[in-house]
Amino acid sequence: SGLWNLHVIADALPVIFFTAQPSVTERQAIKFAFKATDDYAVTSAKVVIRPHGKPGAPILVDLPLAPAKTVAQASYSDLTGHPYAGLMVDAHLEARDGAGQTGVSKTITFRLPERVFTDPLARALIEQRQALATSEGREARRAIAEILNALTIAPDKFYADQRGVYTAIRAAYWGIRTAHGPGDIVHVEDLLWQTAMAIEQKGMLEAAD
């Protein structure tokens, strides 16, 4: 019988890296330019974003691509509605191949673009939403709840024509005080965003009159 010399070639990890610092479009979307390679094929890629120097769940942004040995492209994402908008963040890329192996890029730091709120109350709610998303522990969240509580003093004087806004802020306050898990906190973050947007848009309508 014949002898066969077999050479086993290991499946290498995918390689991925940023080809430019993330930039911002005129509409405040972030442009992620990257390149990824694999000896067989890159099948998926994503950006993982965390607040710089603060706690908080990561943002996972999928980067759509067609599987190939080499992928070089740019992807656009609008993250202005995320609680981390306006913060310095750390981001790295991850690429996967068909075998499920993951390659990771170096981490870069940049500021997430944010929507500008001109109404003082709307801006205050957005600031507390950001603090809530990067808070850790019951005491930190209680402090945020107390700020929301302070924002609703004298409702007859300050919220006479904004009963819906008053009710929403009180709901956010109690939502934090009675939260049992991350899902409850996300619900409050969404409520604060919707309330701030409603306040701001009403202000814009009044300015247009």
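Residues numbered from 1 in each chain as written. Predicted model: local features only at pLDDT ≥ 70, side-chain atom pairs only at ≥ 80, totals over all residues. Heavy atoms only, no water.

Quick word on helix 2 (residues 138–150)
- Between its first and last C-alpha atoms helix 2 spans 18 Å; for 13 residues at 1.5 Å apiece the expected length is 18 Å, and the two agree.
- Ile144, Ala145 and Leu148 are the residues of helix 2 that are buried. Buried residues of helix 2, viewed axially, fall in a sector of 100 degrees; they line one side. (Helix = DSSP H or I, 4+ residues; strand = E, 2+ residues; numbered from the N terminus. Expected span 1.5 Å × (residues − 1). Buried < 20%, exposed > 50% of the residue type's maximum accessible area, 1.4 Å probe, protein only. Arc of directions from axis to C-beta.)

Some words on the side chain of threonine 152
- Mapping threonine 152 onto the fold places it in the loop between helix 2 and helix 3 (155–158).
- On the basis of relative accessibility, which here comes to 5%, the residue threonine 152 falls in the buried class.
- A distance of 2.9 Å separates polar atoms of two side chains, one belonging to threonine 152 and the other to arginine 170. (Polar contact = N/O pair within 3.5 Å; in protein donor to acceptor, adjacent residues only side chain to side chain.)

Focus on the environment of methionine 88
- Following the sequence through the fold, methionine 88 ends up in strand 6 (residues 88–97).
- Along the sequence, methionine 88 and arginine 123 sit 35 residues apart, while their C-alpha atoms lie 18 Å from each other.
- In this structure, methionine 88 is in contact with Pro51, His52, Thr109, Phe110 and Arg111, ignoring residues within four places of it in sequence. (Contact = heavy atoms within 4.5 Å.)

Details of unusual backbone geometry
- Of note in the backbone geometry, glutamine 28 takes a positive phi value of approximately 70 degrees without being a glycine.
- Inspection of the secondary structure puts glutamine 28 in the loop between strand 2 (23–24) and strand 3 (30–51).

A closer look at the environment of histidine 52
- Note that histidine 52 resides in the loop between strand 3 and strand 4 (59–62).
- Beyond its immediate stretch of four places on either side in the chain, histidine 52 contacts Met88, Val89, Asp90 and Thr109.
- Within polar-contact distance, the side chain of histidine 52 engages the side chain of aspartate 90 at 2.8 Å.

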